[in-house]
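Take a look at the letters that make up each chain.
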Amino acid sequence: MTFHVTDGPVSNENSDFYRLDKINKALALAGRKMWRTLLGAVAVASALATTVLGLYVTPKDEHLGNSVRLLYVHPPVAWAALYLAFGLTTLCSILYLIPKTRSPFFDKIAGASAESGILFLSLTLITGSIWGHMTWGVWWTWDARLTLTAVLLVLYLGYLSVRKISGTDHSKAIRNSIAALIAAIDVPIVHFSVIWWNTLHQTASILTPNLQFKVPPSMGITMGIGFLSATFAWVWMVRVRYEISVLEEARESESLTTLIQNRRMERVG
Amino acid sequence: MFLDAWIVLKKDLLIEMRTRVVMVQVLPIAGAILIIFGFALGPDNQTLQKAAPGLIWIAIILSCLIAVERSLSIEYPLGRDGLRLLNLDPAGLFLGKALAISIEMIGISFLVVFGSVTLYGSRFNHFTGLLMVVLTCILGSLALSFIGALYGAMSLGSQIRETLVPLLFLPVAAPVLLASTEITAKYLGMTTGSSLKWLGVLIALTISYFAIGFVGFEPLLEER
Amino acid sequence: MPYTISLKNVVSVVGGFPLLAGINFEASFGEIVLISGPNGAGKTSLLRLIAGLIPMTQGSGYVNGLNLQENSQEIRTLVSYVGHRPNMYDDLTALENVIISVGNSHSLSLKVKLSRVKTSKLKEEIIAAFALMGLPDRVSSTKFSRLSEGQKRRVNFIPLLIKDTKIWLLDEPHASIDALSREIIDSSILRAQERGALILIASHELEHVQAIATRTLNIQGGYITSGDQDVS
């Protein structure tokens, strides 16, 4: 039994693997790594600051009591999920669908962003639910925003499942982008119909809490830091997730050359 | 494109006429859903009538899910390869598949509304009410079929199709459910006020789901 | 004359597995090429690649001057791929199935469409093709699922005859069918060759196909090991 693995070279000058290897090397550059660490550090620090300020420095609200402290968490995570994460997913999906700007980079970022979006959206739901329990005594109300958030969560969980369907890189990316676009188009539709539906069926006015209380400067600052920490945490997550997907792909592609060699060696004689 | 849509539509309806799967399986499922809702909510007709608009549309959406699944399983022996080998125009294929589903669904939705009238004692508040519900059934069926056919194509050939299609389909069916239920509720005399807004939502949904499917079907079918 | 099919270092990866691992292959009109090799060697994959059904991950490939990567849809209108499994709906009759395959907009060139405005003429042609494939009239109106294996295979060839495609990709065309069907399929292959078609046959039945093939190539491990004109 002899193997002829030398004839018919596997061309790899312009192969994905070769390009990815370069990206991989570039990513490993120390400077980049430092930026990532710095980003993570800022996220952790600002989250800590929000916690300390929110729990110990800022005062109780005279009407809302301790539940006001959720304001330092809930709006920031909602902002990160709805505007940052799903906004970026939509933008990147559109950029992939336009042939001129098409690049695997956008597909990976879209996925990374949606994944972090799911996390932030779940946090939004959980903190919203806690808020609801503290102010209205119920974990869930059919408030328009709460309902919309729940539908969104399922919508983007579906998107993440679509990302798992197998196929070639390009057909996968196209499929992902279309799924993301459908989700994005559906957001305003669900938004308006849920609001109309809610106003139609509204029974109590407690659903729109009166937020016209006096805001002491310490509260404003804490909320601002809360927004910063959610934003930094989100950027950091997208970055790390993107790097992971590049490494995943690089690993797969790297083994591809070996796979091709192995495949050729299947022959006998 | 229209030629291909016509071919696919004719083919799907012909297969349905020969096998009667939708008629003898999906339709009874819709009926069974209405009946088990009756069991769940109790025999009190007033409760049932109040819930009827929502129940009607839940029954329609669930049966649409099954009809979409059936429409996909017709193509199963050929698979994505076979479909591509037929060289049908992708937009035509989408239109044909979606219209075949929607024709089946329009029929089913009429019968579900009829079922609600007989089982729950729902009454239309006047003749225009009947017409409006019929219109809602048509628009709702179209919107659901368009998005169902698109998601079907998206998951064709995937091992997780059976679970993926409902996960994708239900959230986008939610606004259809909201709009259709509100219109139906109004004309079954359960709510007052204008339903024009909801009709607008339903039309917007139908158009946008159609547009997405029309444009998105080709890249979904291709593999490069 | 440029080759009808020309593949250079073609790699096709599906689901992380290299189905084809660097194929070099050229073929011209008028040839009947037998592709032999053990199971899982890549025979079917090679045909599916040329039919534009699986992607070309690396390398370059042209079919009738069209780039495999960019023009797979146009290529599919030029080639006819007949797989192990008939590409037909069980619940439709043989005739209805054929009409779906040949009656759609991409299958017929505009010229052909204009000359066959009357669908009745197309139907006549289809009936004639049924006769040519040795299928009696009643077969055309029988549900596809009720036909015998050999009849199914023969019905599957009818769209090729009607469309008169010049590139045939046949995957195990002789497997598990009766002698009569084999004979009829062979003669239709030879007729197509006479009309200048290029026919690739992936088969295990070397002796049988070698009788009609103009050359044989062997594929193993997703790679052509012998028989190609120039392995570079």
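A. Layout of the overall build of chain B. The helix and strand tally for chain B stands at eight helices and zero strands. Reading chain B from its N terminus to its C terminus gives the helix and strand order α-α-α-α-α-α-α-α. Against the 2.2 N^0.38 benchmark of 17 Å for 224 residues, chain B shows a C-alpha radius of gyration of 18 Å, consistent with a compact globule. On the principal axes, the C-alpha backbone points of chain B span a range of 55 × 35 × 30 Å.

B. Representation of helix H3 (residues 74–97) of chain A within the structure. An ideal rise of 1.5 Å per residue puts 34 Å on 24 residues; H3(A) measures up with 33 Å between its terminal C-alpha atoms. Of all bends in H3(A), the biggest is about 25°, found at A:Ala80.

C. Quick look at the pairing of strand E6 (residues 79–82) of chain C. Residue and element names in this part refer to chain C. Taking every second residue as pointing to the same face, both faces of E6 are buried, with Val-79 and Tyr-81 on one and Ser-80 and Val-82 on the other. Inspection of the sheet shows E6 paired to strand E7 (residues 167–171) by four bridges, in the parallel sense. Its bridge partner being in E7, Tyr-81 is matched across the sheet by Leu-169.

D. Spotlight on the pattern of salt bridges. Scanning the entire structure with this criterion turns up 18 salt bridges over all chains. In this structure, the salt-bridge partner of C:Glu96 is B:Arg18, at a minimum N-O distance of 2.8 Å. Placement of C:Glu96 in helix H3 (residues 94–103) and of B:Arg18 in helix H1 (residues 2–19) is noted, with the two residues assigned to different chains. Two residues, C:Asp91 and C:Lys143, come together in a salt bridge whose shortest N-O distance is 3.6 Å. Pair noted here: C:Asp91 is in the loop between E6 and H3 and C:Lys143 is in the loop between helix H6 (137–140) and helix H7 (149–163), with a separation of 52 residues, a long-range link. Given the relative accessible area of 22%, C:Asp91 is considered partly exposed. A relative accessible area of 22% means that C:Lys143 is categorised as partly exposed. One continuous salt-bridge network, built from bridges that share partners, spans B:Lys11, B:Asp12, B:Glu75 and B:Lys97.

E. How the structure looks around the interface of chain B and chain C. Each partner contributes to the interface: chain B provides 28 residues, whereas chain C provides 27 residues. Here chain B packs against chain C, burying approximately 2600 Å² in sum over the two surfaces, 51% of which is carbon and sulfur. Summed over the shared surface of chain B and chain C, the number is two salt bridges. Where chain B touches chain C, the interface holds 10 residue pairs in polar contact (both at pLDDT 80 or more). The set of elements that each furnish at least two residues to the side of chain B that touches chain C consists of H1, helix H3 (45–75) and helix H4 (79–85) of chain B. Tallied by class, the residues present in the side of chain B that touches chain C amount to 14 nonpolar, three polar and 11 charged.

F. Summary view of the sheet that holds strand E5 (residues 66–67) of chain C. Residue and element names in this part refer to chain C. Judged by pairing direction, the sheet is antiparallel, and its four strands sit side by side in the order E2-E1-E4-E5 without closing on themselves. In this open sheet, the two strands that pair with only one neighbour each are strand E2 (17–27) and E5. When strand E1 (residues 5–14) meets E2, the two strands line up antiparallel, connected through eight bridges. Residue pairing in the sheet places Val-10 in a bridge with Ile-23 of E2.

G. Representation of unusual backbone geometry within the structure. One non-glycine residue with positive phi stands out, namely B:Asn87, at about 60°. For C:Ser176, which is not glycine, the phi torsion reads 45° and is therefore positive. Topologically, C:Ser176 is positioned in the loop between E7 and helix H8 (179–194).

H. Region of the structure containing the environment of A:Phe192. Along the polypeptide, A:Phe192 turns up in helix H6 (residues 169–201). Measuring from C-alpha to C-alpha, the distance between A:Phe192 and A:Leu148 comes to 9.3 Å, with 44 residues separating the pair along the chain.

I. Structural detail: the interface of chain A and chain B. Each partner contributes to the interface: chain A provides 28 residues, whereas chain B provides 29 residues. Taken over both partners, the interface formed by chain A and chain B buries close to 2400 Å², and the fraction arising from carbon and sulfur atoms is 78%. Inspection of the chain A/chain B interface yields zero salt bridges. Run the count over chain A and chain B and you get one residue pair in polar contact (both at pLDDT 80 or more).

J. Local environment of the confidence of the model for chain B. When pLDDT is averaged along chain B, the result is 89; 99% of the residues meet or exceed 70. No element of chain B has a lower mean pLDDT than H4(B), at 80, and none a higher one than helix H5 (residues 90–119) of chain B, at 93.

K. Here's a closer look at the packing of aromatic side chains. Enumeration over the complete set of coordinates arrives at 16 aromatic pairs over all chains. Ring centres of A:Phe105 and A:Tyr242 lie 5.2 Å apart, and the angle between their planes is 80°; this geometry places the pair in the edge-to-face category. Here A:Tyr242 lies in helix H7 (residues 217–265) and A:Phe105 lies in helix H4 (residues 104–136), a separation of 137 residues in the sequence. Measuring from centroid to centroid gives 6.5 Å for B:Phe94 and B:Phe210, while their planes differ by 40°, and the two rings are tilted. Linking B:Phe94 in helix H5 with B:Phe210 in helix H8 (residues 196–221), this pair joins segments that are 116 residues apart in sequence. When its relative accessible area of 0% is taken as the criterion, B:Phe94 is described as buried. Three or more aromatic residues joined by ring pairs form one cluster here, namely B:Phe94, B:Phe146, B:Phe210, B:Phe214 and B:Phe217. Across from the ring centre of B:Tyr187, 4.8 Å away, lies the NZ or CZ of B:Lys186, which sits over that ring.

L. Representation of a nonpolar patch on the surface in the model. All names here are of chain A. Nonpolar side chains collect at one region of the surface, where Leu-119, Leu-123, Ile-126, Ile-130, Met-134, Trp-139, Trp-140 and Trp-142 lie side by side and expose about 800 Å² of accessible area between them. Along the chain, Leu-123 turns up in helix H4. Given a relative accessible area of 33%, Leu-123 falls into the partly exposed group.

M. Spatial organisation of H8(C). Residues and elements named next belong to chain C. The terminal C-alpha atoms of H8, which comprises 16 residues, lie 23 Å apart, in line with the 22 Å expected from a rise of 1.5 Å per residue. Buried residues of H8: Ser-181, Ile-184, Ile-185, Asp-186, Ser-188, Ile-189 and Ala-192, and no others. One or two positions beyond H8, positive phi appears at Gly-196, with a value near 95°.

N. Examining the state of the cysteines more closely. Residues and elements named next belong to chain B. Under the criterion given, the structure shown has zero disulfides over all chains. Here Cys-64 is not cross-linked by a disulfide; its sulfur's nearest cysteine counterpart is in Cys-137, at 12 Å. According to the relative accessible area criterion, Cys-64 is buried, its value standing at 0%. Given the relative accessible area of 1%, Cys-137 is considered buried.

O. Main features of the nonpolar core. One finds A:Tyr156, A:Ile182, B:Met154, B:Tyr209 and C:Tyr89 to be the most contacted residues of the largest nonpolar core, which totals 124 residues. Residue contacts for B:Tyr209: discarding those within four places in its chain leaves A:Asp186, B:Phe94, B:Ala143, B:Phe146, B:Ile147, B:Val172, B:Pro175 and B:Val176. Residues C:Leu34, C:Val155, C:Leu161 and C:Ile201 belong to the second largest nonpolar core, which totals 36 residues.

P. Highlighting the side chain of A:Ser46. Residues and elements named next belong to chain A. Residue placement: Ser-46 occurs in helix H2 (residues 30–57). Accessibility expressed as a relative area gives 11% for Ser-46, which makes it buried. Not counting the four nearest positions on each side in its chain, Ser-46 is found in contact with Ile-225, Leu-228 and Ser-229.

Rules behind the numbers
In this numbering scheme, every chain counts its residues from 1 along its sequence in written order. Naming scheme: in the order in which they are written, chains are lettered from A and ligands are numbered from 1. Residues qualify for local features only when their pLDDT is at least 70, as the model is predicted, and side-chain atom pairs are given and counted only at 80 or more; totals for whole chains, interfaces and linings, by contrast, use all residues. Side-chain numbers here rest on the full set of heavy atoms in the structure, without hydrogens or water. A run of H or I in DSSP becomes a helix once it reaches four residues, and a run of E becomes a strand once it reaches two; helices and strands are each numbered from the N terminus. The atom set for the radius of gyration is the C-alpha atoms, and the globule formula is 2.2 Å times the number of residues raised to the power 0.38. To estimate how far a helix should extend, the number of its residues minus one is multiplied by 1.5 Å. Values of bend correspond, residue by residue, to the angle between axes fitted over the seven residues ending at that residue and the seven starting there. Exposed residues in this analysis have more than 50% of their type's maximum accessible area, buried residues have under 20%, and partly exposed residues fall in between, with area computed by a 1.4 Å probe over protein chains only. Here, strands pair whenever DSSP counts at least two bridges between them. Any Lys or Arg side-chain nitrogen found within 4 Å of a carboxyl oxygen on Asp or Glu counts as a salt bridge. Whether two residues are in contact is decided by their heavy atoms: any pair within 4.5 Å suffices. Once two parts are joined, some of their accessible surface, as seen by a 1.4 Å probe, is lost; buried area is that loss totalled over both. Here a polar contact means two N or O atoms within 3.5 Å. Within protein one must be a hydrogen donor candidate and the other an acceptor candidate, and residues neighboring in sequence count only if both atoms are side-chain atoms. Each residue receives one of three labels: charged for Asp, Glu, Lys and Arg, nonpolar for Ala, Val, Leu, Ile, Met, Phe, Trp, Tyr, Cys and Pro, and polar for the others, Gly being one of them. Confidence of the prediction at every residue is given by pLDDT, a number between 0 and 100. Classification of ring pairs uses Phe, Tyr and Trp, with its six-membered ring standing for Trp, and accepts pairs whose centres are within 6.5 Å; under 30 degrees between planes counts as stacked, over 60 as edge-to-face, and the remaining range as tilted. Working rule: Lys NZ or Arg CZ, within 6 Å of ring centre, within 35 degrees of ring normal, means a charge sits over the ring. Residues enter patches when they are more than 30% accessible in relative terms and free of salt bridges; like-charged ones are connected within 9 Å and nonpolar ones (Val, Leu, Ile, Met, Phe, Trp, Tyr) within 5 Å. Areas reported as accessible are Shrake-Rupley estimates using a 1.4 Å probe. Residue values count occlusion only from the protein chains shown. Cysteine sulfur atoms are paired as a disulfide whenever they come within 2.5 Å of each other. We call a set of buried residues a nonpolar core when its members are Ala, Val, Leu, Ile, Met, Phe, Trp, Tyr or Cys and they connect through side-chain atoms within 4.5 Å of each other.

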